[in-house]
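Observations on the three-dimensional arrangement
Spelled out, the chains give:
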Amino acid sequence: MAGMRGKQTVRDMVLSMAVIGAVVAVIYLFLPNDDKERMKPVDYRIELVTAQRAAPYPVMAPEGLPQGWKPTSVRYDRDAGAAWHLGFLDPDREYVAIEQSTQAYAKYVPKVTLKAANTGRTQLVNGVAWERWAGKKYDALVFRDKGVTTVVTGTAPLARLTEMAEALKGGSTLPTAAPSWPATASPRS
């Protein structure tokens, strides 16, 4: 009799775990769980000014992007080739990042574009030719000038990458007004 009771207890425990697993699966499927939706915008102004003062090149950030762009990540690493990163979600929730560094071009660009390759074509951005790179995950626009490489990369289509590249400005002044999220910072004076 005791052996039978032990088998029932194990069977009941397995059935209970199956029911709990099914409930968890249903909750997971029907509750929103998109990380892009939960991502809060970051205020990158202080990091931008810090990077602009520390970097040996003009650190770039966008000015005048239309409504709907949301800054999501920012960092400056002096020890990694004075690397500047500023990430955004575009109005269609696709990722776009600005990457700048003094690191060797041949290693840096494939690293920040997740192994994209130069297509041999160029894209005019504000009258300047940028290299077009394409990859399985990220595409990119790449510009090299005086020891610094600037990359606009991400999952967004070429039109959005171009829109971001067109908005890039370098300098060392703060925006004149606080950004109104989810829009980007106001134009600087």
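For the structure itself, consult the block above.
As a starting point, this report considers the structure included with it. If you're wondering where the values come from, they're calculated on a predicted model, not measured in any experiment. (Residues numbered from 1 in each chain as written. Predicted model: local features only at pLDDT ≥ 70, side-chain atom pairs only at ≥ 80, totals over all residues. Heavy atoms only, no water.)

A contiguous nonpolar patch, built from Met13, Met17, Ile20 and Val24 and spanning about 420 Å² of accessible area, is present on the exposed surface. By the element assignment, Ile20 lies in helix H1 (residues 2-30). (Patch = residues over 30% accessible without salt bridge, like charges linked within 9 Å, V, L, I, M, F, W, Y side chains within 5 Å. Areas by Shrake-Rupley, 256 points an atom, 1.4 Å probe, with all protein chains shown as cover. Salt bridge = Lys/Arg side-chain N within 4 Å of Asp/Glu carboxyl O. Helix = DSSP H or I, 4+ residues; strand = E, 2+ residues; numbered from the N terminus.)

Our focus in this paragraph is the nonpolar core. Counting residues in hydrophobic clusters, the biggest one holds 27 residues, and the most contacted among them are Trp84, Leu86, Phe88, Val152 and Met164. Among the elements of the structure, helix H3 (45-54), strand S3 (83-89), strand S4 (95-101), strand S8 (148-154) and helix H5 (158-167) are those that each provide at least two residues to this core. Considering every element that reaches this core, the biggest residue donor is H5, with four residues. Among residues more than four places away in sequence, those in contact with Met164 are Pro62, Leu65, Trp69, Phe88, Val96, Ile98 and Val152. Tyr105, Val109, Ala140 and Val151 belong to the second-largest nonpolar core, a separate cluster that totals nine residues. (Core = buried A, V, L, I, M, F, W, Y, C linked by side-chain atoms within 4.5 Å. Buried < 20%, exposed > 50% of the residue type's maximum accessible area, 1.4 Å probe, protein only. Contact = heavy atoms within 4.5 Å.)

So, on to the packing of aromatic side chains. One pass over the structure, following the stated rule, counts five aromatic pairs. Aromatic side chains Trp69 and Phe88 sit 6.3 Å apart centroid to centroid with 75 degrees between the ring planes, which places their arrangement in the edge-to-face category. Here Trp69 is found in the loop between strand S1 (60-62) and strand S2 (70-77), whereas its partner Phe88 is found in strand S3, with 19 residues between them in sequence. Neither residue differs from the other here; Trp69 and Phe88 are each classed as buried. (Phe/Tyr/Trp six-rings, centres within 6.5 Å; stacked < 30°, edge-to-face > 60°.)

Here we take up H3. Note: α-helices contain 3.6 residues per turn, so residues at a spacing of three or four share the same orientation. Taken together, the buried positions of H3 are Leu48, Val49, Ala51 and Gln52. Across the axial projection of H3, the buried residues extend over an arc of 165 degrees, all falling on one side. Among the exposed residues of H3, those pointing more than 90 degrees away from its buried face are Ile46 and Arg53. On its buried side, H3 packs onto S1, S2, S3 and strand S9 (168-170). (Arc of directions from axis to C-beta.)

Turning our eyes to something else, we now look at the side chain of Thr162. Among the structural elements, Thr162 can be located in helix H5. By relative accessible area, which is 9% here, Thr162 ends up buried. Aside from chain neighbours lying at most four places away, what touches Thr162 is Gln123, Val125 and Leu141.

Coordinates in, geometry out; function isn't part of it.
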